[in-house]
Amino acid sequence: SQQGEEDPQALSIQEGENATMNCSYKTSINNLQWYRQNSGRGLVHLILIRSNEREKHSGRLRVTLDTSKKSSSLLITASRAADTASYFCATEGSARQLTFGSGTQLTVLP
Amino acid sequence: NAGVMQNPRHLVRRRGQEARLRCSPMKGHSHVYWYRQLPEEGLKFMVYLQKENIIDESGMPKERFSAEFPKEGPSILRIQQVVRGDSAAYFCASSSGGTDEQFFGPGTRLTVL
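Residues numbered from 1 in each chain as written. Chains lettered and ligands numbered in written order. Predicted model: local features only at pLDDT ≥ 70, side-chain atom pairs only at ≥ 80, totals over all residues. Heavy atoms only, no water.

S.K.: Hey, could you run me through the environment of Glu101(B) in this one?
M.R.: Checked against the element boundaries, Glu101(B) lands in the loop between strand E9 (88-95) and strand E10 (103-104). Glu101(B) has contacts with Gln33(A), His45(A), Leu48(A), Ser94(B) and Ser95(B), leaving out every residue within four places of it along the chain. Within the structure, Glu101(B) has its side chain in polar contact with the side chain of His45(A) (distance 3.3 Å). (Helix = DSSP H or I, 4+ residues; strand = E, 2+ residues; numbered from the N terminus. Contact = heavy atoms within 4.5 Å. Polar contact = N/O pair within 3.5 Å; in protein donor to acceptor, adjacent residues only side chain to side chain.)

Encoded structure:
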């Protein structure tokens, strides 16, 4: 699989439920970032977690990072219809470039 | 404080024409990155520039594609003799030297007929 690969590819939940998305990567990283992209739009930066951090919160978002397993998870609590979007993880290694996964398409049903 | 600006937002070209995509970074940012997104895929890194310098172009196709970030003015991604496979969304991001976060522009959607 590619660096920064998300799982699942698609997720459909009811409003109010929690949504969990996972990301796996292969090489060592400086940080891992999560982005949201609404259909046909640009990317919105959600949260950045550094390689020496294990967990980070921002509002309804909770991100974990396990460098030993080279994986991260994004939890969105109490989901809303407006959370419907594609979610991408991106890793930054020694080079400044970000390596993106193919994304998880989240659909929150009202 | 304006964010990253890209223009045009949509660009239609016929095969063989040239496409020029512009990116103005956020104020105070001197690092610019270009990414390409094909339909239903994630973004793929193309090139990383600082003012007047190409730092990393490992993601750029060897032919027809070039990028610059002059001392004055926006960064330009230039695609010569476009082909249908160049149809994609092209995103620019910028960062300051001391932070890790890259701020993305709204993208330019290129359609090659």
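From this point on, the discussion continues.
S.K.: Sorry, what's going on with the packing of aromatic side chains here?
M.R.: Given two aromatic rings, their pairing is described by the distance between the two centres and the angle made by the two planes. Taken as a whole, this structure holds seven aromatic pairs over all chains when the rule is applied. Measuring from centroid to centroid gives 5.2 Å for Tyr35(A) and Phe104(B), while their planes differ by 80°, and the two rings are edge-to-face. You can see Tyr35(A) sitting in strand E4 (residues 31-37) and its partner Phe104(B) sitting in strand E10, one on each of two chains. Judged by its relative accessible area of 0%, Tyr35(A) falls in the buried class. Relative to Phe104(B), the ring of Phe100(A) has its centre 5.9 Å away and its plane inclined at 80°; by these criteria the two rings are edge-to-face. (Phe/Tyr/Trp six-rings, centres within 6.5 Å; stacked < 30°, edge-to-face > 60°. Buried < 20%, exposed > 50% of the residue type's maximum accessible area, 1.4 Å probe, protein only.)

S.K.: How should I be thinking about the sheet that holds strand E1 (residues 5-7) of chain B in this particular structure?
M.R.: Strand pairing in a sheet relies on backbone hydrogen bonds. The paired strands run either parallel or antiparallel. Residue and element names in this part refer to chain B. The antiparallel open sheet is built from four strands, whose spatial order is E1-E3-E8-E7. Since the sheet does not close on itself, it has two edges, and those belong to E1 and strand E7 (65-68), each with one partner. Taken over all neighbouring pairs, the strand axes of this sheet differ in orientation by 15° on average, direction set aside. One ladder, built from four bridges, connects E7 with strand E8 (residues 75-79); its direction is antiparallel. Bridge pairing links Ser-66 to Arg-78 in E8. (Pairing = 2+ DSSP bridges. Axes fitted to C-alpha atoms, helices over the stretch in contact; angles between N-to-C directions.)

S.K.: I keep staring at the side chain of Gln102(B) and nothing clicks. Help me out?
M.R.: As for its position among the elements, Gln102(B) is in the loop between E9 and E10. Since its relative accessible area comes to 0%, Gln102(B) is described here as buried. Apart from the residues lying within four places of it in its own chain, the contact partners of Gln102(B) are Gln33(A), Tyr35(A), Arg96(A), Gln97(A), Leu98(A), Tyr33(B), Tyr35(B), Ala93(B), Ser94(B) and Ser95(B).

S.K.: I tried to follow the sheet that holds strand E8 (residues 71-76) of chain A on my own but got confused; where do I start?
M.R.: All names here are of chain A. Reading across the sheet, the five strands line up as E1-E3-E8-E7-E6 and stay open at both edges, with antiparallel pairing between neighbours. In the strand order of this sheet, the two ends are held by strand E1 (5-7) and strand E6 (55-58), each with one partner. Direction aside, the axes of adjacent strands within the sheet are offset by 20° on average. Pairing between E6 and strand E7 (residues 61-66): four bridges, direction antiparallel. Pairing of Ser-58 across the sheet is with Leu-61, part of E7.

S.K.: Mind showing me how you'd approach the state of the cysteines here?
M.R.: Covalently bonding the sulfur atom of one cysteine to the sulfur atom of another cysteine gives a disulfide. All names here are of chain A. Counted under the stated rule, the structure contains two disulfides over all chains. In this model, Cys-23 is linked to Cys-89 through a disulfide, with the two sulfur atoms separated by 2.0 Å. Residues Cys-23 and Cys-89 share a disulfide whose torsion about the S-S bond is about 65°; that sign makes it right-handed. Note that Cys-23 is positioned in strand E3 (residues 19-24) and Cys-89 in strand E9 (residues 85-92), a separation of 66 residues in sequence. In this structure Cys-89 comes out as buried when scored by relative accessible area, which is 0%. (Disulfide = S-S within 2.5 Å.)

S.K.: Please explain the interface of chain A and chain B as it appears in this structure.
M.R.: Accessible area lost upon the coming together of the parts serves often as the stated size of an interface. Facing the 21 residues of chain A at the interface are 23 residues of chain B. Taken together, both faces of the contact between chain A and chain B bury some 1,600 Å²; the carbon and sulfur share is 46%. If you look at where chain A meets chain B, you find zero salt bridges. Across the contact surface, chain A and chain B share eight residue pairs in polar contact (both at pLDDT 80 or more). Counting residues per element, the ones that place at least two in the side of chain A that touches chain B are E4, strand E5 (43-50), E9 and strand E10 (98-100) of chain A. Along the lines of polarity and charge, the residues of the side of chain A that touches chain B split into seven nonpolar, ten polar and four charged. (Buried area = accessible area lost by both parts, 1.4 Å probe. Salt bridge = Lys/Arg side-chain N within 4 Å of Asp/Glu carboxyl O. Nonpolar A, V, L, I, M, F, W, Y, C, P; charged D, E, K, R; others polar.)

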